[in-house]
Amino acid sequence: MDQYVIKDNQRLRCGYTTGSCAAAAAQRAAAMVLGAEFAPGDRIVLYTPKGIRLELTPEDPQSGDSWASCAIRKDGGDDPDVTNGTLIYARVSKLSEPGIILDGGEGVGRVTKRGLSSPVGEAAINPVPRKMILEQVQKVCEEFDYKEGLRVEISVPEGEEIAKRTFNAQLGILGGISILGTSGIVEPMSEQALIDTIKVKMSVRKADGAEYLVITPGNYGEAFLKSQIALAEIDSVKCSNFIGEALDFAVLYGFKGVLLVGHIGKLIKVAAGVMNTHSKYGDARMEIMVAHAALAGASKEVLERLLECVTTEDAISVLDAAGIREQTLRSILRKLDSRIKERVHHKLEIGAVIFSNQYGFLGETADAEMLKNKIKNIED
(Lines give C-alpha, C1' and ligand atoms only; values in the text may rest on other atoms or scores of the structure.)
Protein backbone atom coordinates (compact mmCIF):
# COMPACT_ATOMS: atom_id res chain seq x y z
CA MET A 1 0.00 0.00 0.00
CA ASP A 2 1.04 3.55 -0.64
CA GLN A 3 -0.67 4.99 2.43
CA TYR A 4 1.08 6.12 5.60
CA VAL A 5 0.42 7.42 9.09
CA ILE A 6 2.70 9.47 11.31
CA LYS A 7 3.23 8.07 14.80
CA ASP A 8 5.87 9.18 17.28
CA ASN A 9 7.48 11.24 14.51
CA GLN A 10 7.83 8.17 12.27
CA ARG A 11 6.30 7.64 8.85
CA LEU A 12 4.70 4.21 8.96
CA ARG A 13 3.18 2.32 6.05
CA CYS A 14 -0.39 1.06 6.36
CA GLY A 15 -1.44 -2.42 5.31
CA TYR A 16 -4.72 -4.20 4.60
CA THR A 17 -6.74 -6.57 6.74
CA THR A 18 -7.46 -10.28 6.47
CA GLY A 19 -11.01 -9.17 5.65
CA SER A 20 -9.83 -7.22 2.62
CA CYS A 21 -7.75 -10.19 1.51
CA ALA A 22 -10.71 -12.56 1.82
CA ALA A 23 -13.03 -10.20 -0.06
CA ALA A 24 -10.58 -9.70 -2.93
CA ALA A 25 -9.84 -13.43 -3.18
CA ALA A 26 -13.57 -14.20 -3.21
CA GLN A 27 -14.17 -11.62 -5.93
CA ARG A 28 -11.57 -13.19 -8.22
CA ALA A 29 -12.55 -16.80 -7.47
CA ALA A 30 -16.22 -16.00 -8.16
CA ALA A 31 -15.32 -14.40 -11.49
CA MET A 32 -13.18 -17.40 -12.41
CA VAL A 33 -15.89 -19.96 -11.62
CA LEU A 34 -18.36 -17.96 -13.72
CA GLY A 35 -16.07 -18.07 -16.74
CA ALA A 36 -13.89 -14.96 -16.58
CA GLU A 37 -10.37 -15.32 -17.90
CA PHE A 38 -7.41 -13.41 -16.49
CA ALA A 39 -3.88 -12.95 -17.72
CA PRO A 40 -1.00 -13.59 -15.31
CA GLY A 41 -0.37 -10.41 -13.33
CA ASP A 42 -3.93 -9.09 -13.64
CA ARG A 43 -4.68 -7.39 -10.35
CA ILE A 44 -7.85 -7.23 -8.28
CA VAL A 45 -9.39 -3.84 -7.54
CA LEU A 46 -11.14 -3.56 -4.19
CA TYR A 47 -12.53 -0.53 -2.39
CA THR A 48 -12.36 -0.77 1.40
CA PRO A 49 -15.14 0.46 3.71
CA LYS A 50 -13.01 3.59 4.14
CA GLY A 51 -13.19 4.16 0.38
CA ILE A 52 -9.51 3.39 -0.16
CA ARG A 53 -8.71 1.71 -3.48
CA LEU A 54 -6.59 -1.42 -3.24
CA GLU A 55 -4.97 -3.20 -6.17
CA LEU A 56 -4.08 -6.69 -4.99
CA THR A 57 -2.20 -9.47 -6.73
CA PRO A 58 -3.87 -12.90 -6.67
CA GLU A 59 -1.72 -15.93 -6.00
CA ASP A 60 -2.14 -19.66 -6.60
CA PRO A 61 -5.21 -19.47 -8.90
CA GLN A 62 -6.82 -22.88 -9.37
CA SER A 63 -10.04 -24.15 -10.88
CA GLY A 64 -11.92 -27.36 -11.48
CA ASP A 65 -15.37 -28.62 -12.32
CA SER A 66 -17.73 -25.91 -10.95
CA TRP A 67 -15.19 -24.40 -8.54
CA ALA A 68 -12.30 -21.95 -8.49
CA SER A 69 -9.96 -20.56 -5.85
CA CYS A 70 -7.16 -18.06 -5.37
CA ALA A 71 -5.33 -16.36 -2.53
CA ILE A 72 -4.23 -12.90 -1.45
CA ARG A 73 -1.12 -12.45 0.65
CA LYS A 74 -1.78 -10.40 3.78
CA ASP A 75 0.27 -7.22 4.07
CA GLY A 76 0.20 -5.64 7.51
CA GLY A 77 2.37 -2.70 6.50
CA ASP A 78 4.63 -1.57 9.34
CA ASP A 79 2.32 -3.05 11.97
CA PRO A 80 3.76 -5.97 13.98
CA ASP A 81 0.99 -8.29 12.80
CA VAL A 82 1.23 -12.08 13.29
CA THR A 83 -0.74 -12.63 10.06
CA ASN A 84 1.64 -10.57 7.91
CA GLY A 85 2.64 -12.50 4.77
CA THR A 86 -0.03 -15.16 5.27
CA LEU A 87 -2.05 -16.39 2.29
CA ILE A 88 -5.82 -15.92 2.67
CA TYR A 89 -7.71 -18.23 0.30
CA ALA A 90 -11.23 -18.11 -1.09
CA ARG A 91 -12.75 -21.12 -2.84
CA VAL A 92 -16.03 -20.50 -4.69
CA SER A 93 -18.26 -23.36 -5.83
CA LYS A 94 -21.47 -23.36 -7.84
CA LEU A 95 -24.75 -24.34 -6.18
CA SER A 96 -28.06 -25.20 -7.80
CA GLU A 97 -30.10 -23.20 -5.29
CA PRO A 98 -30.03 -19.37 -5.33
CA GLY A 99 -28.11 -17.45 -2.70
CA ILE A 100 -24.57 -17.05 -1.44
CA ILE A 101 -23.35 -19.23 1.42
CA LEU A 102 -20.23 -18.10 3.28
CA ASP A 103 -18.24 -20.31 5.64
CA GLY A 104 -14.74 -20.80 6.97
CA GLY A 105 -12.48 -23.68 6.11
CA GLU A 106 -9.02 -24.78 7.20
CA GLY A 107 -7.29 -22.34 9.52
CA VAL A 108 -10.31 -20.11 10.11
CA GLY A 109 -11.43 -20.30 13.73
CA ARG A 110 -14.82 -21.51 14.85
CA VAL A 111 -16.76 -19.62 17.54
CA THR A 112 -17.43 -21.69 20.68
CA LYS A 113 -18.48 -19.00 23.19
CA ARG A 114 -21.29 -16.49 23.29
CA GLY A 115 -20.58 -12.77 23.33
CA LEU A 116 -18.59 -12.56 20.11
CA SER A 117 -19.76 -10.85 16.95
CA SER A 118 -20.49 -14.21 15.31
CA PRO A 119 -22.91 -16.81 16.74
CA VAL A 120 -21.61 -19.97 18.39
CA GLY A 121 -20.78 -22.59 15.77
CA GLU A 122 -20.09 -20.13 12.96
CA ALA A 123 -16.76 -19.34 11.37
CA ALA A 124 -14.96 -16.41 12.99
CA ILE A 125 -15.53 -14.04 10.09
CA ASN A 126 -16.39 -10.67 11.61
CA PRO A 127 -19.41 -8.67 10.39
CA VAL A 128 -17.59 -6.11 8.23
CA PRO A 129 -15.41 -8.68 6.39
CA ARG A 130 -18.48 -10.90 5.98
CA LYS A 131 -20.35 -7.99 4.40
CA MET A 132 -17.37 -7.16 2.16
CA ILE A 133 -17.05 -10.75 0.94
CA LEU A 134 -20.75 -11.14 0.19
CA GLU A 135 -20.92 -7.77 -1.58
CA GLN A 136 -17.97 -8.62 -3.82
CA VAL A 137 -19.39 -12.00 -4.78
CA GLN A 138 -22.87 -10.55 -5.36
CA LYS A 139 -21.39 -7.88 -7.61
CA VAL A 140 -19.71 -10.58 -9.73
CA CYS A 141 -22.99 -12.52 -9.96
CA GLU A 142 -24.76 -9.40 -11.23
CA GLU A 143 -22.03 -8.71 -13.80
CA PHE A 144 -22.46 -12.24 -15.19
CA ASP A 145 -26.26 -12.25 -14.76
CA TYR A 146 -25.84 -15.42 -12.70
CA LYS A 147 -29.06 -16.42 -10.92
CA GLU A 148 -28.07 -19.64 -9.18
CA GLY A 149 -26.12 -20.00 -5.95
CA LEU A 150 -22.48 -19.91 -4.87
CA ARG A 151 -20.68 -21.29 -1.84
CA VAL A 152 -17.70 -19.27 -0.60
CA GLU A 153 -15.18 -20.87 1.73
CA ILE A 154 -12.40 -18.78 3.28
CA SER A 155 -9.33 -20.68 4.46
CA VAL A 156 -5.91 -19.90 5.87
CA PRO A 157 -3.56 -22.89 5.69
CA GLU A 158 -1.27 -21.43 8.37
CA GLY A 159 -4.16 -20.21 10.47
CA GLU A 160 -4.23 -22.84 13.19
CA GLU A 161 -0.54 -22.34 13.94
CA ILE A 162 -0.79 -18.54 13.82
CA ALA A 163 -3.77 -18.61 16.20
CA LYS A 164 -1.50 -19.95 18.94
CA ARG A 165 0.11 -16.48 19.03
CA THR A 166 -3.23 -14.69 19.42
CA PHE A 167 -5.92 -14.36 22.11
CA ASN A 168 -8.36 -16.49 20.09
CA ALA A 169 -8.35 -19.53 22.38
CA GLN A 170 -9.06 -17.32 25.41
CA LEU A 171 -11.99 -15.80 23.53
CA GLY A 172 -13.41 -19.19 22.57
CA ILE A 173 -12.34 -19.12 18.92
CA LEU A 174 -10.78 -22.49 18.17
CA GLY A 175 -9.03 -24.02 15.19
CA GLY A 176 -7.62 -20.92 13.55
CA ILE A 177 -7.53 -17.15 13.20
CA SER A 178 -10.37 -14.68 12.82
CA ILE A 179 -11.05 -12.82 9.60
CA LEU A 180 -10.98 -9.26 10.85
CA GLY A 181 -11.18 -5.60 9.95
CA THR A 182 -13.65 -2.76 10.32
CA SER A 183 -12.03 -0.34 7.87
CA GLY A 184 -10.25 -2.81 5.59
CA ILE A 185 -6.99 -1.06 6.41
CA VAL A 186 -4.35 -1.86 9.04
CA GLU A 187 -2.92 1.23 10.72
CA PRO A 188 0.49 0.50 12.26
CA MET A 189 0.51 -0.04 16.02
CA SER A 190 -3.18 0.60 16.29
CA GLU A 191 -4.26 1.36 19.85
CA GLN A 192 -7.85 0.85 18.75
CA ALA A 193 -7.10 -2.79 17.97
CA LEU A 194 -5.94 -3.33 21.57
CA ILE A 195 -9.00 -1.54 22.95
CA ASP A 196 -11.27 -3.64 20.74
CA THR A 197 -9.62 -6.80 22.10
CA ILE A 198 -10.32 -5.71 25.68
CA LYS A 199 -13.94 -5.07 24.78
CA VAL A 200 -14.34 -8.49 23.15
CA LYS A 201 -12.80 -10.25 26.17
CA MET A 202 -15.28 -8.54 28.47
CA SER A 203 -18.17 -9.40 26.18
CA VAL A 204 -17.16 -13.07 26.29
CA ARG A 205 -16.86 -13.04 30.09
CA LYS A 206 -20.30 -11.47 30.39
CA ALA A 207 -21.83 -13.97 27.97
CA ASP A 208 -20.31 -16.75 30.09
CA GLY A 209 -22.30 -15.45 33.04
CA ALA A 210 -19.57 -13.57 34.93
CA GLU A 211 -20.87 -10.85 37.26
CA TYR A 212 -17.59 -9.78 38.85
CA LEU A 213 -14.46 -8.94 36.93
CA VAL A 214 -10.76 -8.68 37.72
CA ILE A 215 -8.94 -6.11 35.59
CA THR A 216 -5.15 -5.93 35.55
CA PRO A 217 -2.77 -3.94 33.36
CA GLY A 218 -0.63 -7.06 32.85
CA ASN A 219 0.47 -10.50 34.03
CA TYR A 220 2.01 -9.27 37.29
CA GLY A 221 -1.35 -8.10 38.60
CA GLU A 222 -3.00 -11.46 38.02
CA ALA A 223 -0.09 -13.35 39.61
CA PHE A 224 -0.15 -11.06 42.64
CA LEU A 225 -3.90 -11.46 43.15
CA LYS A 226 -3.60 -15.25 42.97
CA SER A 227 -1.15 -15.13 45.86
CA GLN A 228 -3.42 -12.72 47.77
CA ILE A 229 -6.57 -14.81 47.72
CA ALA A 230 -4.95 -18.26 47.37
CA LEU A 231 -6.43 -19.25 44.05
CA ALA A 232 -4.58 -21.24 41.39
CA GLU A 233 -6.59 -19.71 38.56
CA ILE A 234 -8.17 -16.29 38.09
CA ASP A 235 -9.72 -15.40 34.76
CA SER A 236 -8.72 -11.74 34.62
CA VAL A 237 -8.95 -9.26 31.76
CA LYS A 238 -5.67 -7.57 30.92
CA CYS A 239 -6.12 -3.96 29.87
CA SER A 240 -2.53 -2.79 29.29
CA ASN A 241 -2.54 1.01 29.64
CA PHE A 242 -6.24 1.41 28.77
CA ILE A 243 -7.66 1.43 32.28
CA GLY A 244 -10.31 4.05 31.55
CA GLU A 245 -11.66 2.19 28.53
CA ALA A 246 -11.70 -1.09 30.48
CA LEU A 247 -13.78 0.48 33.25
CA ASP A 248 -16.12 1.99 30.64
CA PHE A 249 -16.68 -1.45 29.10
CA ALA A 250 -17.40 -2.95 32.53
CA VAL A 251 -20.23 -0.44 32.90
CA LEU A 252 -21.40 -1.01 29.32
CA TYR A 253 -21.75 -4.77 29.83
CA GLY A 254 -23.47 -4.43 33.20
CA PHE A 255 -20.97 -6.16 35.49
CA LYS A 256 -21.88 -5.98 39.17
CA GLY A 257 -18.35 -5.34 40.34
CA VAL A 258 -14.73 -4.80 39.29
CA LEU A 259 -11.49 -5.33 41.17
CA LEU A 260 -8.58 -3.42 39.65
CA VAL A 261 -5.17 -4.87 40.56
CA GLY A 262 -1.97 -3.18 39.50
CA HIS A 263 1.53 -1.97 40.25
CA ILE A 264 1.72 1.36 42.03
CA GLY A 265 3.61 2.79 39.04
CA LYS A 266 0.42 2.40 36.99
CA LEU A 267 -2.30 3.03 39.54
CA ILE A 268 -0.75 6.13 41.08
CA LYS A 269 -1.49 7.80 37.74
CA VAL A 270 -5.12 6.69 37.95
CA ALA A 271 -5.28 8.35 41.39
CA ALA A 272 -4.65 11.62 39.56
CA GLY A 273 -7.30 10.92 36.93
CA VAL A 274 -4.87 9.68 34.26
CA MET A 275 -6.80 6.78 32.72
CA ASN A 276 -4.35 5.96 29.91
CA THR A 277 -1.18 5.15 31.81
CA HIS A 278 1.30 5.02 28.92
CA SER A 279 4.25 7.30 29.65
CA LYS A 280 4.00 8.96 26.23
CA TYR A 281 0.76 10.62 27.36
CA GLY A 282 2.43 12.04 30.44
CA ASP A 283 4.40 10.71 33.37
CA ALA A 284 3.72 12.53 36.62
CA ARG A 285 4.26 9.64 39.03
CA MET A 286 6.71 11.52 41.23
CA GLU A 287 4.70 14.71 41.17
CA ILE A 288 1.63 12.79 42.33
CA MET A 289 3.70 11.05 45.01
CA VAL A 290 5.03 14.42 46.17
CA ALA A 291 1.51 15.87 46.48
CA HIS A 292 0.34 13.01 48.71
CA ALA A 293 3.58 12.95 50.70
CA ALA A 294 3.12 16.67 51.35
CA LEU A 295 -0.38 15.98 52.67
CA ALA A 296 1.21 13.36 54.94
CA GLY A 297 3.54 15.99 56.38
CA ALA A 298 6.75 15.37 54.41
CA SER A 299 9.50 17.95 54.77
CA LYS A 300 10.79 20.00 51.84
CA GLU A 301 13.92 17.85 51.82
CA VAL A 302 11.89 14.63 51.53
CA LEU A 303 9.77 16.11 48.75
CA GLU A 304 12.89 17.09 46.81
CA ARG A 305 14.30 13.57 47.21
CA LEU A 306 11.03 12.11 45.94
CA LEU A 307 11.19 14.27 42.82
CA GLU A 308 14.66 12.87 42.10
CA CYS A 309 13.42 9.26 42.20
CA VAL A 310 13.26 7.38 38.91
CA THR A 311 10.80 4.68 39.98
CA THR A 312 7.97 4.36 42.46
CA GLU A 313 9.97 1.59 44.15
CA ASP A 314 12.69 4.16 44.89
CA ALA A 315 10.05 6.58 46.12
CA ILE A 316 8.71 4.06 48.63
CA SER A 317 12.17 3.69 50.13
CA VAL A 318 12.24 7.47 50.61
CA LEU A 319 8.83 7.35 52.28
CA ASP A 320 10.06 4.56 54.54
CA ALA A 321 13.12 6.53 55.56
CA ALA A 322 10.89 9.48 56.41
CA GLY A 323 8.41 7.27 58.28
CA ILE A 324 5.42 8.38 56.20
CA ARG A 325 4.78 5.44 53.85
CA GLU A 326 1.49 4.42 55.45
CA GLN A 327 0.04 7.94 55.56
CA THR A 328 1.10 8.70 51.98
CA LEU A 329 -0.30 5.47 50.54
CA ARG A 330 -3.53 5.93 52.47
CA SER A 331 -3.92 9.36 50.84
CA ILE A 332 -3.19 7.91 47.38
CA LEU A 333 -5.69 5.08 47.90
CA ARG A 334 -8.45 7.46 48.96
CA LYS A 335 -7.96 9.45 45.78
CA LEU A 336 -7.69 6.30 43.66
CA ASP A 337 -10.95 5.05 45.16
CA SER A 338 -12.65 8.34 44.31
CA ARG A 339 -11.32 8.40 40.73
CA ILE A 340 -12.36 4.88 39.78
CA LYS A 341 -15.81 5.31 41.32
CA GLU A 342 -16.26 8.52 39.36
CA ARG A 343 -15.17 6.78 36.16
CA VAL A 344 -17.84 4.08 36.51
CA HIS A 345 -20.42 6.69 37.60
CA HIS A 346 -21.03 4.70 40.82
CA LYS A 347 -22.93 2.12 38.70
CA LEU A 348 -21.04 -0.91 40.04
CA GLU A 349 -19.00 -2.02 43.03
CA ILE A 350 -15.34 -1.23 42.44
CA GLY A 351 -12.10 -1.51 44.35
CA ALA A 352 -8.38 -1.52 43.72
CA VAL A 353 -5.30 -3.26 45.08
CA ILE A 354 -1.82 -1.80 44.62
CA PHE A 355 1.49 -3.60 44.98
CA SER A 356 5.14 -3.24 44.05
CA ASN A 357 7.62 -5.82 42.85
CA GLN A 358 10.03 -5.04 45.68
CA TYR A 359 7.65 -4.43 48.59
CA GLY A 360 4.68 -6.61 47.66
CA PHE A 361 1.24 -5.57 48.93
CA LEU A 362 1.02 -1.82 49.47
CA GLY A 363 -2.65 -1.28 50.14
CA GLU A 364 -6.19 -1.43 48.86
CA THR A 365 -9.24 0.78 48.56
CA ALA A 366 -12.29 0.58 50.81
CA ASP A 367 -14.24 -2.07 48.88
CA ALA A 368 -11.35 -4.23 47.69
CA GLU A 369 -11.53 -6.83 50.47
CA MET A 370 -15.24 -7.35 49.89
CA LEU A 371 -14.64 -7.82 46.17
CA LYS A 372 -11.76 -10.24 46.75
CA ASN A 373 -14.04 -12.39 48.91
CA LYS A 374 -16.78 -12.38 46.28
CA ILE A 375 -14.31 -13.34 43.54
CA LYS A 376 -12.81 -16.11 45.68
CA ASN A 377 -16.24 -17.53 46.46
CA ILE A 378 -17.19 -17.50 42.78
CA GLU A 379 -13.93 -19.13 41.64
CA ASP A 380 -14.12 -21.74 44.43
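Shown above is the structure to which this text applies.
About the criteria used
- Residues numbered from 1 in each chain as written.
- Predicted model: local features only at pLDDT ≥ 70, side-chain atom pairs only at ≥ 80, totals over all residues.
- Heavy atoms only, no water.
- Core = buried A, V, L, I, M, F, W, Y, C linked by side-chain atoms within 4.5 Å.
- Buried < 20%, exposed > 50% of the residue type's maximum accessible area, 1.4 Å probe, protein only.
- Contact = heavy atoms within 4.5 Å.
- Pairing = 2+ DSSP bridges.
- Helix = DSSP H or I, 4+ residues; strand = E, 2+ residues; numbered from the N terminus.
- 1 Å grid on protein atoms, 1.4 Å probe; cavity = no way out; pocket = protein on both sides within 12 Å on 5 of 7 lines; lining within 4 Å.
- Points joined across faces, edges and corners; volume = space filled by probe spheres on them.
- Nonpolar A, V, L, I, M, F, W, Y, C, P; charged D, E, K, R; others polar.
- Phe/Tyr/Trp six-rings, centres within 6.5 Å; stacked < 30°, edge-to-face > 60°.
- Lys NZ or Arg CZ within 6 Å of the ring centre and 35° of its normal.
- Axes fitted to C-alpha atoms, helices over the stretch in contact; angles between N-to-C directions.

Quick look at the nonpolar core
Of all hydrophobic cores here, the largest spans 49 residues; its most connected members are Met 202, Ile 215, Leu 306 and Leu 336. Ignoring sequence-local partners within four residues, the contact set of Leu 306 consists of Met 286, Met 289, Val 290, Ala 293, Ala 315, Val 318 and Leu 319. The next biggest cluster of nonpolar side chains, apart from the first, holds 44 residues, and it includes Ala 30, Ala 31, Leu 102 and Val 152.

Points about the sheet that holds strand β17 (residues 349-356)
The mixed open sheet is built from five strands, whose spatial order is β15-β14-β16-β17-β18. A strand with exactly one partner marks an edge of an open sheet, and here the two such strands are β15 (237-238) and β18 (360-364). The pairing of strand β16 (residues 257-263) with β17 spans seven bridges and is parallel. Considered in β17, the bridge of Gly 257 is made with Glu 349.

Details of the environment of Tyr 220
Counting through the fold element by element, Tyr 220 comes out in helix α6 (residues 219-229). Tyr 220 sits in the exposed class, given a relative accessible area of 62%. Considered as a pair, Tyr 220 and Gly 262 are 42 residues apart in the sequence and their alpha carbons are 7.6 Å apart.

Here we look at the layout of surface pockets
For the second largest pocket, the calculated volume is near 220 Å³. Elements represented by at least two residues in the lining of the second largest pocket include exactly α4 (168-171), α5 (191-207) and β15. For the lining of the second largest pocket, the leading source of residues is α5, giving three residues. For the lining of the second largest pocket, the per-class residue count stands at four nonpolar, two polar and eight charged.

Observations concerning the packing of aromatic side chains
With the rule as written, the count across this model stands at one aromatic pair. Over the ring of Trp 67 we find Arg 91; its NZ or CZ atom is 4.1 Å from the centre of that ring. Just above the ring of Phe 255 sits the side chain of Lys 206; from NZ or CZ to the centre is 5.2 Å.

Brief notes about unusual backbone geometry
Where the residue is not glycine, phi is negative for most of them; where a peptide bond is considered, it is trans in most cases. Of note in this structure, Ser 66 is not a glycine but carries a positive phi near 70°. Among the secondary structure elements, Ser 66 is positioned in the loop between β6 (58-64) and β7 (67-73). We classify Ser 66 as partly exposed; its relative accessible area is 34%. Even without glycine at this site, His 345 takes up a positive phi of about 55°. Checked against the element boundaries, His 345 lands in the loop between α12 (325-343) and β17.

Concerning the sheet that holds strand β11 (residues 149-155)
In space, the five strands of this open sheet follow the order β6-β7-β8-β11-β9, with mixed pairing throughout. Because the sheet does not close on itself, it has two edges, and the strands there are β6 and β9 (100-104). The sheet shows a mean angle of 15° between the axes of neighbouring strands, direction not considered. Taken together, the five bridges between β9 and β11 define a ladder with parallel strand orientation. Bridging across to β11, Asp 103 finds its partner in Glu 153. Here helix α2 (residues 127-143) sits on the sheet and contacts β9 and β11; the angle it forms with β9, its principal contact strand, is near 140°.

Structural notes on the pairing of strand β5 (residues 53-56)
Only one face of β5 is buried, namely the one carrying Leu 54 and Leu 56, since none of Arg 53 and Glu 55 on the opposite face is buried. Two elements, strand β4 (residues 44-47) and β5, share four bridges in a ladder whose sense is antiparallel. Note that in β5 the partner of Tyr 47 across the bridge is Arg 53. Between β4 and β5, which follow one another and run antiparallel, lie five residues, and Gly 51 among them has a positive phi close to 85°.

What about the pairing of β7?
Most of β7 sits inside the fold, with six of its seven residues counted as buried. Where β6 meets β7, five bridges bridge the pair, whose relative direction is antiparallel. Each residue of the ladder has a partner; that of Pro 58, found in β7, is Ile 72. Between the antiparallel neighbours β6 and β7 lie two residues, among them Ser 66 with a positive phi of about 70°. With seven bridges connecting them, β7 and strand β8 (residues 87-95) associate as antiparallel partners. Residue pairing in the sheet places Ala 68 in a bridge with Val 92 of β8.

As far as function goes, none of this settles anything; it's purely spatial.
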